[in-house]
Amino acid sequence: MRGTPAAPDIVVIGATGAVGRHVARLLPAGTGVRLLVRDVDKARRMGLPGELAAGDCQDRPSLERALRGADAVFVVTANPLRPADDENILAAARAGGVRHAVKLSWLAVADPAADDLIARWNRDSEELLRSSGLGWTVLRMRTPMSNALAWAPSIRGEGVVRALGGSARTACVDPRDIAAVAVRALTETGHEGRTYAMTGPAPISAREQVQELSRVLRRPIGFEELTTDQALARWRERLPEPIAQALLEAAARRSTGASAHGEGDVEAVTGRAPAAFAAWAADHAADFC
């Protein structure tokens, strides 16, 4: 690798996100790392290691500057209403001589019954990567455990969690385990052309997650089941209508057990079993206080 400030070994896109922050921190010492972020001040406050570069996936020049001369790139895009983001990243990667792209995707892509906007967007993004001419690795994740952080305000303020589908189980995964797989794919040979399915060790429901948080925090936390209409209204308050509808469709699919199946690729790639939700909750207790 060519680790110099002008030509980083690895570029991390989405470095302040739930997975990208751990990728940045887990990369081996001595790796030339450039973090492409929209908010440089936020990245500084997080204390992320590596060179910071301001940019946006809609801004091709900023992508080209960040990716020029890099060996590999970790790709995270987050908005299904902006499908050109992946196209822009891959075009800039090709122009910059990037050899290998590691793409974060959803495990729902593998479910033929998953036909919501988010699943279709992730399928299309994967196909763009495979046809890009770059070496590629796809990381398909189940719901990250860090999604539970959305409950923190109501836990702190009211001692309650309100959610749809409280009994539906999903094999949610620790973002640190996703990042550990990503780092292997970014820094080792043998991962090109591979698609990895990443889950936690066992399915767990939202109600059971709340029970674990209650145990960790040593205080009672209630759970209130939302109706479909209530959940949709909450999503509409902060998300565009197409995404709110996609989340509703995904929740309906989870209620059939579609997200409960575990996969073994975290252990196959890293050599250790994925973390359980109880361990994640214990490590993040302060976020709920």
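Above this text sits the structure in question.
First, a word on what this report is: a plain description of the structure on this page. A quick note: this is a predicted structure, and the numbers were derived from the prediction, not measured. (Residues numbered from 1 in each chain as written. Predicted model: local features only at pLDDT ≥ 70, side-chain atom pairs only at ≥ 80, totals over all residues. Heavy atoms only, no water.)

This part covers helix α9 (residues 228–238). What α9 keeps buried is the set Ala231, Leu232 and Trp235. For α9, the buried positions fall inside an angular range of 95 degrees around the axis, keeping them on one side. In α9, the exposed residues that point more than 90 degrees away from the buried face are Asp229 and Glu237. (Buried < 20%, exposed > 50% of the residue type's maximum accessible area, 1.4 Å probe, protein only. Helix = DSSP H or I, 4+ residues; strand = E, 2+ residues; numbered from the N terminus. Arc of directions from axis to C-beta.)

On to unusual backbone geometry. In this structure, Arg218 takes a positive phi of about 60 degrees despite not being glycine. Looking at the secondary structure, you find Arg218 in the loop between α8 (206–217) and β11 (222–225).

Within a regular beta strand, the side chains point alternately toward one face of the sheet and then the other, so they alternate between its two faces. Here strand β1 (residues 10–13) shows a buried face lined by Ile10 and Val12 and a second buried face lined by Val11 and Ile13. In the sheet, β1 pairs with strand β2 (residues 33–37) via four bridges, with the strands oriented parallel. Pairing of Val12 across the sheet is with Leu35, part of β2. One crossover worth recording links β1 to the parallel β2 by way of helix α1 (residues 20–26), and it is right-handed. Sheet analysis places β1 next to strand β4 (residues 72–75), joined by three bridges and oriented parallel. Each residue of the ladder has a partner; that of Val11, found in β4, is Val73. (Pairing = 2+ DSSP bridges. Right-handed = clockwise from strand over helix to strand, strands pointing away.)

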